[in-house]
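# Residue-level structural notes
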Amino acid sequence: MQLKNDLLLRAARGEQVERTPVWLMRQAGRILPEYRAVRNSLSGFKELVETPELAAEVTIQPVDILDVDAAIIFSDILVVPEAMGCTYEMLESKGPVFPKTIRTEDDLKRLRVADPYEHLHYVLDAIRVTKRGLNGRVPLIGFAGAPWTILAYMVEGSGSKTFSHARGMLYTNPRLAHQLLRMITDTTIAYLQAQVEAGANLIQVFDSWAGILSPAHYREFALPYIAEICNAIRNVPVTVFAKGAFFALEDFSELNCETIGLDWNMEVKTARQQVGPDKTLQGNMDPCLLYSSFDTIQRETIKMLREFGPHRHIANLGHGVYPDTDPEKVKCFVQTVKEYGEAVKSEG
Ligand SMILES: Cc1c2[nH]c(c1CCC(=O)O)Cc1[nH]c(c(CCC(=O)O)c1C)Cc1[nH]c(c(CCC(=O)O)c1C)Cc1[nH]c(c(C)c1CCC(=O)O)C2
């Protein structure tokens, strides 16, 4: 189906756009009372993720309410370890927890390379239902975690400040780490290809824990697997968002992807120099800006748009929107991007 608004896809491919497209990482979620209403009627987070009609409903909410230029399928990066045989629980107070971690060769034997059509069909169904509901209004973003970030959760067993067990494995048993990364990568490639087949218009790979690795370890344990994923996705643009990986920007310029996500620790000008002219940049406002006044949000957002310039930019935050953000402030960010584009057009 022809999309009515394909700004995101054109900006990703480096084509001319009337204005900069805008969406927010984690836009579907706790910032919206409408999300909390659906979520609170259920037994938990996983029920929402695993029920396609409800996942589709909360995926579309930000398009209706926040007026963003893209939807991102409501799911989690942790469905991949679960499909491989490593189940997670989402605890209200603590975030994700894996009752059984992967730390030895024997642990690894319990895992499989998952078949998305068998083990992740609920995400594919959610994509199909969402596409029908969106009816071509905006593109739908599919996603997965990058292999290193998924390994980090499987080995550590929960979130962590240091991920010392996961990082430790890279020194104590690099062979096991590579075996696990291999299985995650094979699962992820099949999963993302299935998302595209189900209707995802763009794929984003989240390497949320990139920034805790040394550059040498990032080049050995993270980049080659991301490169494989990029090479395996055909027909839709790919975005790589590696939080804290400013040291790898030059490496990213060689990836077979259209867009690089930036967090707010990166200077836009330097990032552009290092990534070169042939990639779109996405980001990179500090999510905390949205705690400030409407005036400050407008001023800082315009400053960001000027720094990136009108071409090859997708406006976003530098990480997911924080759950205690006022949705009116998010709307202000979105509208400022849109109105700035209109103003520049009428001047030009
Ligand atoms: C690291 C990571 C996870 N999940 C994700 C990442 C990568 C992005 C990032 O770096 O933030 C990705 C993710 N998780 C979720 C989405 C939905 C789509 C969207 O972005 O709008 C996406 C894209 C829903 C979610 N995933 C989670 C929630 C909150 C739980 C709830 O609503 O009950 C949502 C809406 C839970 C989750 N899921 C994860 C954690 C650490 C937590 C707990 C912390 C938290 O609560 O935010 C793992």
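Keep in mind it's a predicted model, so treat the numbers as computed, not measured. (Residues numbered from 1 in each chain as written. Predicted model: local features only at pLDDT ≥ 70, side-chain atom pairs only at ≥ 80, totals over all residues. Heavy atoms only, no water.)

A separate point is the overall build of the protein chain. Along the backbone of the protein chain there are 16 helices and nine strands. Relative to the 2.2 N^0.38 estimate, which gives 20 Å for 348 residues, the radius of gyration of the protein chain is 19 Å and therefore close to what a compact globule would have. Taking the principal axes of its C-alpha atoms as reference, the protein chain extends roughly 65 × 45 × 40 Å. Within the span of the protein chain, comprising 348 residues, buried residues form 59% of the whole. Of the contacts formed within the protein chain by residues at least 6 apart in sequence, a portion of 73% connects residues at least 24 apart. In the protein chain, the 37 positive side-chain charges and the 44 negative ones have mean positions that sit 1 Å from each other. (Helix = DSSP H or I, 4+ residues; strand = E, 2+ residues; numbered from the N terminus. Rg over C-alpha atoms; globule rule 2.2 N^0.38 Å. Buried < 20%, exposed > 50% of the residue type's maximum accessible area, 1.4 Å probe, protein only. Contact = heavy atoms within 4.5 Å. Lys, Arg positive; Asp, Glu negative; His and termini not counted. Charge placed at Lys NZ, Arg CZ, Asp CG, Glu CD.)

Here, UniProt's "site: Transition state stabilizer" (unreviewed entry) annotation points to Asp76. Within the element layout of this structure, Asp76 appears in the loop between strand E1 (71-72) and helix H5 (79-84). Setting aside its immediate chain neighbours within four residues, Asp76 contacts Phe45, Met90 and Phe143. Of the polar contacts made by the side chain of Asp76, one reaches the backbone nitrogen of Leu78; its length is 3.0 Å. (UniProt positions renumbered as here; feature names shortened; annotations may be inferred. Polar contact = N/O pair within 3.5 Å; in protein donor to acceptor, adjacent residues only side chain to side chain.)

A few words now on the layout of surface pockets. Of the pockets and cavities examined, the largest pocket occupies roughly 1,400 Å³. Along the walls of the largest pocket sit 42 residues, with Arg26, Arg30, Asp76, Met90 and Pro96 positioned nearest its centre. Taken together, the elements giving at least two residues each to the lining of the largest pocket come down to helix H2 (33-40), strand E2 (89-91) and strand E3 (95-97). Broken down by element, the lining of the largest pocket gets its largest block of residues, four residues, from H2. (1 Å grid on protein atoms, 1.4 Å probe; cavity = no way out; pocket = protein on both sides within 12 Å on 5 of 7 lines; lining within 4 Å. Points joined across faces, edges and corners; volume = space filled by probe spheres on them.)

Below, the discussion takes up helix H4 (residues 52-66). Along its 15 residues, H4 runs 22 Å from first to last C-alpha, staying within 8% of the 21 Å computed at 1.5 Å per residue. The axis of H4 is deflected most strongly, by about 25 degrees, at Ile60, and proline Pro62 appears within four residues downstream. Listed in full, the buried residues belonging to H4 are Pro52, Ala55, Ala56, Val58, Thr59, Ile60, Gln61, Pro62, Val63 and Leu66. Those residues of H4 that are buried are in contact with H2, helix H3 (45-50), E1, helix H8 (121-134), strand E4 (140-145) and helix H16 (327-347). (Expected span 1.5 Å × (residues − 1). Bend = angle between axes of the 7 residues up to and from the residue.)

This part takes up the packing of aromatic side chains. Under the defined criterion, the tally for this structure stands at eleven aromatic pairs. Ring centres of Phe143 and Phe206 lie 5.5 Å apart, and the angle between their planes is 85 degrees; this geometry places the pair in the edge-to-face category. Here Phe143 is found in strand E4, whereas its partner Phe206 is found in strand E5 (residues 202-207), with 63 residues between them in sequence. Looking at Phe206, the relative accessible area reads 12%, which means it is buried. Between Tyr153 and Phe163 the ring centres are 5.6 Å apart and the planes differ by 85 degrees, which places this aromatic pair in the edge-to-face class. (Phe/Tyr/Trp six-rings, centres within 6.5 Å; stacked < 30°, edge-to-face > 60°.)

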